[in-house]
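Each chain, written out:
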Amino acid sequence: MKCIALLLILALAAWAEDCKVLVDGAGCRTRQLVIARIFKNLPEVTDVDLLPRTEAPALNQRYFVVRSGGKSPQREQLVRALGRRAKFYHVIEVAPLPPEDKSAAKRAAR
């Protein structure tokens, strides 16, 4: 029984998708926390990590790593989740996180 549960957990982890989201207008810490909270409330999203400022192309932009238990959210879904705040926080790019980047992103966020 334990083996079946373990295999089921490993199978679910294999289907899980993570993505890297570039957001413009997320310069200050308060804005970053608001955006992370909004993204974390999406269905299937299990965690949201914030990458260091050096990763982003501009000072007012930040990368968020969105970890999902299933299919990762698409750009339109993230913009809709921001609601009226999408006027200030612009989702520029949503890219799948390659498997080798997942562990590096987890270390950088801590």
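Below is a short write-up of the structure. (Residues numbered from 1 in each chain as written. Predicted model: local features only at pLDDT ≥ 70, side-chain atom pairs only at ≥ 80, totals over all residues. Heavy atoms only, no water.)

## Things to note about the overall build of the chain
Along the backbone of the chain there are 4 helices and 4 strands. The order of α-helices and β-strands along the chain, N terminus first, is α-β-α-β-β-α-β-α. A buried classification covers 36% of the 110 residues belonging to the chain. Restricting to contacts in the chain with at least 6 residues of sequence separation, those with at least 24 account for 67%. As presented, the chain carries roughly 7000 Å² of accessible surface, and 59% of it is formed by carbon and sulfur atoms. (Helix = DSSP H or I, 4+ residues; strand = E, 2+ residues; numbered from the N terminus. Buried < 20%, exposed > 50% of the residue type's maximum accessible area, 1.4 Å probe, protein only. Contact = heavy atoms within 4.5 Å. Areas by Shrake-Rupley, 256 points an atom, 1.4 Å probe, with all protein chains shown as cover.)

## Quick notes on the sheet that holds strand β1 (residues 18–24)
Paired through their backbone hydrogen bonds, the strands of a sheet run either parallel or antiparallel. Read across the open sheet, the 4 strands follow the order β2-β3-β1-β4; overall the sheet is antiparallel. Bordering the open sheet on either side are β2 (45–50) and β4 (90–96), each of which pairs with just one other strand. Taken over all neighbouring pairs, the strand axes of this sheet differ in orientation by 25 degrees on average, direction set aside. Where β1 lies against β4, 6 bridges are found, and the strand directions are antiparallel. Residue pairing for β4: Val23 is matched across the bridge by Val91. (Pairing = 2+ DSSP bridges. Axes fitted to C-alpha atoms, helices over the stretch in contact; angles between N-to-C directions.)

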